[in-house]
Amino acid sequence: MVTAREIMTRPVETVAPDDDVSDVLTRLAKADFSGFPVVEDGTVVGIVTETDLVDLFQPSDRRLWIPVGFPPFIETLTYSVDLSWSDLDVGVDLVKSAGKPIREVMVTDVVTVSPDDTVETVIDHLADPDRDINRLPVIEDGELVGIISREDVLRTLSEHDVAV
């Protein structure tokens, strides 16, 4: 029986709740993974992923509505110009979000496992249809001791020829 302890990655790179969004985004751009556990005083208080950070830059409905017609505007046509996702738009979002602390974008309802949980338990969490979980912090005695990604599970299944 394969356990979480056998497949977890350690040490775990983490961020703090007060780290700037821009700093974390820069670290993720250089990393070979897509999310960090957020740790405060040794305790996992959240998780932040590329998706959470990219959502800061999703276009809102930035449309400019322009009425077109001749006075006295008895019949006008209204044209919409989409201003979303221009370089300026993304730049403005970056400036607005750069100073935000990670605590404002992190997910606080973090699913975790213990080192003694089986690979089947890990798979159940990662395959939960109601949640989009890509990584599971491994917690022992309240402390973060490792992390398991979907890739770790697939590699383990392949290496050990584990039947689930």
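Preceding this section is the structure that the text describes.
Residues numbered from 1 in each chain as written. Predicted model: local features only at pLDDT ≥ 70, side-chain atom pairs only at ≥ 80, totals over all residues. Heavy atoms only, no water.

Caption draft 1: A look at the packing of helix H5 (residues 119-126) against helix H6 (residues 150-160). One way to put it is that H5 packs onto H6 with a least axis distance of 11 Å and a crossing angle of 140 degrees. Judged by the inter-axis angle, H5 sits oblique to H6. The way H5 lies across H6 gives a crossing that is left-handed. Between H5 and H6, the residues in contact are Val119, Val122, Ile123 and Leu126 and Arg150, Val153 and Leu157, respectively. (Axes fitted to C-alpha atoms, helices over the stretch in contact; angles between N-to-C directions. Helix = DSSP H or I, 4+ residues; strand = E, 2+ residues; numbered from the N terminus. Parallel < 35°, antiparallel > 145°, perpendicular 65-115°, else oblique. Left-handed = near helix turned anticlockwise from the far one by under 90°. Contact = heavy atoms within 4.5 Å.)

Caption draft 2: Spatial organisation of the nonpolar core. Counting residues in hydrophobic clusters, the biggest one holds 15 residues, and the most contacted among them are Ile7, Val113, Val122, Leu126, Leu136, Ile148 and Val153. Those elements giving two or more residues to this core turn out to be helix H1 (4-7), H5, strand E5 (135-140) and H6. Ranked by residues supplied to this core, first place goes to H5 with three residues. Apart from residues lying up to four places away in sequence, valine 122 is in contact with Ala4, Val113, Leu136, Ile148 and Val153. Of all hydrophobic cores here, the second largest spans 12 residues; its members include Val21, Leu28, Val48 and Met106. (Core = buried A, V, L, I, M, F, W, Y, C linked by side-chain atoms within 4.5 Å. Buried < 20%, exposed > 50% of the residue type's maximum accessible area, 1.4 Å probe, protein only.)

Caption draft 3: Region of interest: the side chain of aspartate 52. Along the chain, the position of aspartate 52 falls in helix H3 (residues 50-54). The side chain of aspartate 52 is buried and forms no salt bridge, while arginine 135, the nearest opposite charge, is found at 7.1 Å. A polar contact is formed between the side chain of aspartate 52 and the backbone nitrogen of threonine 49, at a distance of 2.9 Å. With residues up to four places along the chain from it excluded, the contact list for aspartate 52 reads Ile47, Val105 and Val107. (Lys, Arg positive; Asp, Glu negative; His and termini not counted. Salt bridge = Lys/Arg side-chain N within 4 Å of Asp/Glu carboxyl O. Polar contact = N/O pair within 3.5 Å; in protein donor to acceptor, adjacent residues only side chain to side chain.)

Caption draft 4: Examining the pattern of salt bridges more closely. Applying the stated criterion across every chain, the model contains nine salt bridges. Note that aspartate 116 is salt-bridged to arginine 5, the shortest N-O span being 3.3 Å. Highlighted residues: aspartate 116 in the loop between helix H4 (87-98) and H5 and arginine 5 in helix H1, separated in sequence by 111 residues. With a relative accessible area of 54%, aspartate 116 lands in the exposed category.

Caption draft 5: Region of interest: the environment of isoleucine 148. Structurally, isoleucine 148 is set in strand E6 (residues 143-149). Measuring from C-alpha to C-alpha, the distance between isoleucine 148 and arginine 10 comes to 9.2 Å, with 138 residues separating the pair along the chain. Those residues in contact with isoleucine 148, other than ones at most four positions away along the chain, are Ala4, Ile7, Met8, Val113, Val122, Asn134, Arg135, Leu136, Val138 and Val153.

Caption draft 6: A look at the pairing of strand E2 (residues 43-49). Taken across its seven residues, E2 has five buried, putting it largely inside the fold. The pairing of strand E1 (residues 35-40) with E2 spans six bridges and is classified as antiparallel. Within E2, the residue paired with valine 39 across the bridge is valine 44. Taking the residues that link successive antiparallel strands as the turn, the E1-E2 hairpin has two residues, and the phi of aspartate 41 there is positive, at about 50 degrees. (Pairing = 2+ DSSP bridges.)

Caption draft 7: A look at the packing of aromatic side chains. Taken as a whole and assessed by the stated rule, the structure comprises one aromatic pair. Between phenylalanine 33 and phenylalanine 36 the ring centres are 5.3 Å apart and the planes differ by 90 degrees, which places this aromatic pair in the edge-to-face class. By relative accessible area, which is 27% here, phenylalanine 33 ends up partly exposed. Residue class for phenylalanine 36 comes out buried when judged on its relative accessible area of 0%. (Phe/Tyr/Trp six-rings, centres within 6.5 Å; stacked < 30°, edge-to-face > 60°.)

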